[in-house]
Amino acid sequence: MKFNSKTIHGGQEPDAAYGSVMPPIYQTSTYAQSTPGGHKGYEYSRSANPTRTALERSLASIENGVYGLAFASGLSAIDAVIKLLKPGDEVISTNDLYGGSYRLFKQVFEKYGIRFHFTGMGQLDKIEENINANTRLIWVETPTNPMMNVINIKAVSKLARNHNILLAVDNTFATPYLQRPLELGADIVMHSATKYLGGHSDVVAGALVVRDKVLAEQLYFIQNASGAICGPMDSFLVLRGIKTLHVRMQRHCENGEAIAHYLKKHPKIEKVYWPGFEDHPNHEVAREQMTGFGGMISFIPKGATFKDAIAIVEKLRVFTLAESLGGVESLAGHPASMTHASIPKEEREKSGVLDSLVRLSVGIEDVDDLIADLEQAIG
Ligand SMILES: Cc1ncc(COP(=O)(O)O)c(C=O)c1O
């Protein structure tokens, strides 16, 4: 099946009981057994639940993987990946990444003896410099949040393979509609399913997809042992979201492109970050590994200060000032004080997250209304 059919049918079958086309929300914690161990494949909903299974199969299908795992949030999915490691192990991560991922790495896992190295990954030698005998995992986010840097997944996967290091890719921004990391050699794909997969800003959820059976078994063990599973209602919502992922993404990309060009031409805008521009430093890589450039855009107004950036996001009316991204409605954020506030200012500014940076998640409204809204807010 092609991608646009997989979003609807991938891994799905009508429900065995009454043939319902959408999987029922199996809102149950446990399952009747005829004798100890005599059950129909489900015994306790932390270990497995049929609605979650339907979502996990869909996730595996759309990422062209084999095994999917659905979690309570994107961060709990990342948490499960890091729990593959032990004290003394080292991780190399992009230095420009979601602030919550950085906080989890630094403030939770470092105290258990796992070391994290943060570096720009635009050039491979930056990664190579940090590899040593203890390196177990490379953590890539591409495009990065919020600077829209693009990392060459195929090249990093070759490097990782040569050194026997796992490669995990946070595919939240691109979604499998635009980019499928497992096809480019990654071992693990991760999502904040809260974003484009759910797509309607009505659920918090996370996902992992892998191809390797042993790795899948290790992750299923951690998912069950730690317990941060996606509940049945939330699994249903993400599954419903995925069914329209391709049509939503098509419009996110169209609107994103129009707004990126509008901002680039605007006399009061200094810099626009969007991987679709030919002068984006890794545009060629983006062109090769993505089928479009998405609806996430960051920009810096000319001569702007912290206060000026705040004034713009406060004036927006169609864009909602809010955390998060990837929903049908357009959102605007101020990374330095919102999504990336947990990264120290000095660290944050090294990767370009200045106090004047504004981030847009371009939704699927009429693009003329979105441009008019930006026009009145920027002035
Ligand atoms: C790129 C990226 N990864 C991970 C996360 C964390 O996901 P969640 O908020 O679902 O825990 C986010 C949340 O904003 C994100 O943008």
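Before reading on, note that the structure itself is shown above.
Heads up: these notes are all about the structure in this document. (Residues numbered from 1 in each chain as written. Predicted model: local features only at pLDDT ≥ 70, side-chain atom pairs only at ≥ 80, totals over all residues. Heavy atoms only, no water.)

Some words on the environment of A80
Looking at the secondary structure, you find A80 in helix α3 (residues 74–82). On the basis of relative accessible area, A80 is assigned to the buried category, the value being 1%. Apart from the residues lying within four places of it in its own chain, the contact partners of A80 are F71, L208, L219 and I222. (Helix = DSSP H or I, 4+ residues; strand = E, 2+ residues; numbered from the N terminus. Buried < 20%, exposed > 50% of the residue type's maximum accessible area, 1.4 Å probe, protein only. Contact = heavy atoms within 4.5 Å.)

So, the site of the ligand
Neighbouring the ligand are 14 residues; L75, D170, S192, T194 and K195 lie closest to it. G74 is positioned such that a nitrogen or oxygen atom in its backbone is 2.9 Å from an oxygen atom of the ligand. K195 is positioned such that a nitrogen or oxygen atom in its side chain is 2.6 Å from an oxygen atom of the ligand. Relative to its free-state accessible area of 390 Å², the ligand is covered by the protein chains to the extent of 91%. Where the shell around the ligand is concerned, the elements lending two or more residues are α3 and β6 (188–192). Of the residues contributing to the shell around the ligand, the split by class is five nonpolar, six polar and three charged. (Near = heavy atom within 4 Å. Polar contact = N/O pair within 3.5 Å; in protein donor to acceptor, adjacent residues only side chain to side chain. Areas by Shrake-Rupley, 256 points an atom, 1.4 Å probe, with all protein chains shown as cover. Nonpolar A, V, L, I, M, F, W, Y, C, P; charged D, E, K, R; others polar.)

Considerations on the pairing of strand β5 (residues 166–170)
Counting buried residues in β5 gives four out of five residues, a clear majority hidden from the surface. Sheet topology note: the strand β4 (residues 135–141)/β5 ladder contains five bridges and is parallel. Residue pairing for β5: I138 is matched across the bridge by L167. Inspection of the sheet shows β5 paired to β6 by three bridges, in the parallel sense. Across the sheet, the residue bridging to D170 is M190, located in β6. (Pairing = 2+ DSSP bridges.)

What about the nonpolar core?
Among the nonpolar cores identified, the biggest contains 64 residues, and I259, L263 and L360 are the most heavily contacted of them. In terms of residue count, helix α10 (residues 245–265) provides more of this core than any other element does, seven residues in total. Residues contacting L263, with those up to four places away along its chain left out, are I269, V272, I297, F299, L360 and I378. Formed by 28 residues, the second largest nonpolar core is a distinct cluster that contains L69, L104, F105 and F116. (Core = buried A, V, L, I, M, F, W, Y, C linked by side-chain atoms within 4.5 Å.)

What to know about the sheet that holds strand β1 (residues 67–71)
The strand order β1-β7-β6-β5-β4-β2-β3 describes an open sheet built from seven strands, whose pairing is mixed. Edge positions in the sheet fall to β1 and β3 (115–119), since each has one partner strand and no second. Each strand axis lies, on average, 20 degrees off the axis of its neighbour in the sheet, ignoring direction. As paired strands, strand β2 (residues 90–94) and β4 are joined by four bridges and run parallel to one another. When the bridges of β4 are listed, I92 appears paired with I138. Taken strand by strand, helix α4 (residues 99–109) contacts β2, β3 and β4, and its axis lies near 150 degrees from that of β3. Against the sheet, helix α8 (residues 213–226) contacts β1, β5, β6 and β7 (206–210), and its axis sits at roughly 20 degrees relative to β1. (Axes fitted to C-alpha atoms, helices over the stretch in contact; angles between N-to-C directions.)

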